[in-house]
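Chain by chain, the residues run as shown.
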Amino acid sequence: MTITGLFNDLIGQPLAVDLLQAALDQQRLAPAYLFAGPDGVGRRLAALRFLEGVLAGGAPSSRERRRLLERNHPDLLWVEPTFQHQGRLLSRTEAEEAGVSRRSPPQLRLEQIRGVARFLARQPVESARGMVVIEASEAMAEAAANALLKTLEEPWHGLLILLTAAPERLLSTIRSRCQLIRFLRLDPASMHQVLQQCGACADDPAELLALAAGSPGALLDHRQRWSALPEELTQRLRQKPAEPMEALSLARDLCEALDGEQQLWLINWWEQHLWHSGAGEQSLRRLEKLRRHLLSFVQPRLAWEVTLLDLSSR
């Protein structure tokens, strides 16, 4: 029986909807799916609606929708990359609330993937199968990826959905064991429809629209990051320091005001600003070098000082 209207709020992804709806209608579910596409275009929403269809068995249920959204269904395990802090694994939200340094990106860790294997091996409580969603699956460390491959190679009666914005970073053997569902960047009309639907229409700076690149979810995230930056710092970057002392002062203020993750995002914004301002390729390459230094744990203030001194001399 077709579950009508299940994917009505998934805008701009007709191919993905057709494939997922057909799987539900025919009750031919693959053991593992790979939802691949840019961040913020509906992959997470599609996973929730698909799992709702799996649980509904022909009749949409507001109760199941709420439980899945709140991630409190006993047969659902939702896994996301974590930060390691004092022997504990913290999600991005937990790390932010705890004030944990987020200089390096979060990872999916071996112990998390082992937890996935244990979850899928157990008997479901209410539904016919255990359900697992792994966000940002490209963020798996090597040991975690090998452990997931082992799980995929063993028979189980669960349903596994991998969400990824970079499928090329996954092991080819993992990709080959999943049914691929592609998600595309949205056209401007679909972008506007999604933003209007969630009451988030606004006039955005050109840099944020460029960073979003057809992803309404990414645009909302970039808005949040932009609003969290001190306006005085971004204004100083727009003008670029003209003197060495200004460059050193700006480097100090940036490192005191922003954590590592904010600094990396700021480089993305500044690259777009320089590009829209007609800056040369050499300046953009210099920012890429700064990004590599920050990711390789060079002392941040020193990395910013060298970069800003270099750019101020041009």
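You'll find the structure just up there.
Please read these numbers as outputs of a predicted model, since none were measured by experiment. (Residues numbered from 1 in each chain as written. Predicted model: local features only at pLDDT ≥ 70, side-chain atom pairs only at ≥ 80, totals over all residues. Heavy atoms only, no water.)

1. So, the overall build of the chain
No. 1: When helices and strands are counted, the chain shows 15 helices and seven strands.
No. 2: By sequence separation, contacts in the chain at least 24 residues apart represent 70% of the contacts at least 6 residues apart.
No. 3: Accessible surface, the chain: about 16,000 Å² in total, of which carbon and sulfur atoms supply 50%.
No. 4: Distance from the positive charge centre (37 side chains) to the negative charge centre (38 side chains) of the chain: 4 Å. (Helix = DSSP H or I, 4+ residues; strand = E, 2+ residues; numbered from the N terminus. Contact = heavy atoms within 4.5 Å. Areas by Shrake-Rupley, 256 points an atom, 1.4 Å probe, with all protein chains shown as cover. Lys, Arg positive; Asp, Glu negative; His and termini not counted. Charge placed at Lys NZ, Arg CZ, Asp CG, Glu CD.)

2. Points about the nonpolar core
No. 1: Counting 62 residues, the largest nonpolar core has Phe 35, Phe 50 and Trp 304 as its most contacted members.
No. 2: Discounting chain neighbours no more than four positions away, the residues touching Phe 35 are Leu 20, Arg 43, Ala 46, Ala 47, Phe 50, Ile 161, Leu 162, Leu 163, Thr 164, Ile 181 and Phe 183.
No. 3: In this structure, Ala 32, Leu 34, Ala 144 and Cys 178 belong to the second largest nonpolar core, which totals 24 residues. (Core = buried A, V, L, I, M, F, W, Y, C linked by side-chain atoms within 4.5 Å. Buried < 20%, exposed > 50% of the residue type's maximum accessible area, 1.4 Å probe, protein only.)

3. A few points about the packing of helix H12 (residues 244-257) against helix H15 (residues 300-312)
No. 1: The N-to-C vectors of H12 and H15 enclose an angle of 145°; their axes lie 8 Å apart at closest approach. The element H12 and its partner H15 pack so that their crossing is right-handed. Facing Pro 244, Ala 247, Leu 248, Leu 250, Ala 251, Arg 252, Leu 254 and Cys 255 of H12, the residues of H15 in contact are Pro 300, Arg 301, Trp 304, Glu 305, Leu 308, Leu 309 and Ser 312.
No. 2: Grouping the amino acids of the contact of H12 with H15 by side-chain chemistry returns eleven nonpolar, one polar and three charged. (Axes fitted to C-alpha atoms, helices over the stretch in contact; angles between N-to-C directions. Left-handed = near helix turned anticlockwise from the far one by under 90°. Nonpolar A, V, L, I, M, F, W, Y, C, P; charged D, E, K, R; others polar.)

4. A look at helix H2 (residues 43-56)
No. 1: Between the first and last C-alpha of H2 there are 20 Å, a value that for 14 residues agrees with the 20 Å anticipated at 1.5 Å per step.
No. 2: Burial analysis of H2 places twelve of its 14 residues in the buried class, which makes it a mostly covered element.
No. 3: The set of residues buried in H2 consists of Arg 43, Ala 46, Ala 47, Leu 48, Arg 49, Phe 50, Leu 51, Glu 52, Gly 53, Val 54, Leu 55 and Ala 56.
No. 4: In the core, the buried residues of H2 are packed alongside helix H1 (14-26), strand S1 (32-36), helix H3 (62-70), strand S2 (76-79), strand S5 (131-134) and strand S6 (159-164). (Expected span 1.5 Å × (residues − 1).)

5. Here's the deal with the environment of Lys 150
No. 1: Tracing the sequence through the fold places Lys 150 in helix H6 (residues 142-153).
No. 2: A relative accessible area of 54% places Lys 150 in the exposed class.
No. 3: Between the C-alpha atom of Lys 150 and that of Ile 174, which follows or precedes it by 24 residues, the distance is 9.3 Å.

6. A few points about the pattern of salt bridges
Side chains that differ in sign of charge can pair as their charged atoms come close.
No. 1: By the definition in use, this model includes 23 salt bridges.
No. 2: Salt-bridge contacts for Arg 238 lead to Glu 207; the nearest nitrogen and oxygen are separated by 3.6 Å. With a gap of 31 residues between them, Arg 238 in helix H11 (residues 231-239) and Glu 207 in helix H9 (residues 206-212) connect regions that are remote in the sequence.
No. 3: Residue classification places Glu 207 among the buried positions, given a relative accessible area of 7%. (Salt bridge = Lys/Arg side-chain N within 4 Å of Asp/Glu carboxyl O.)

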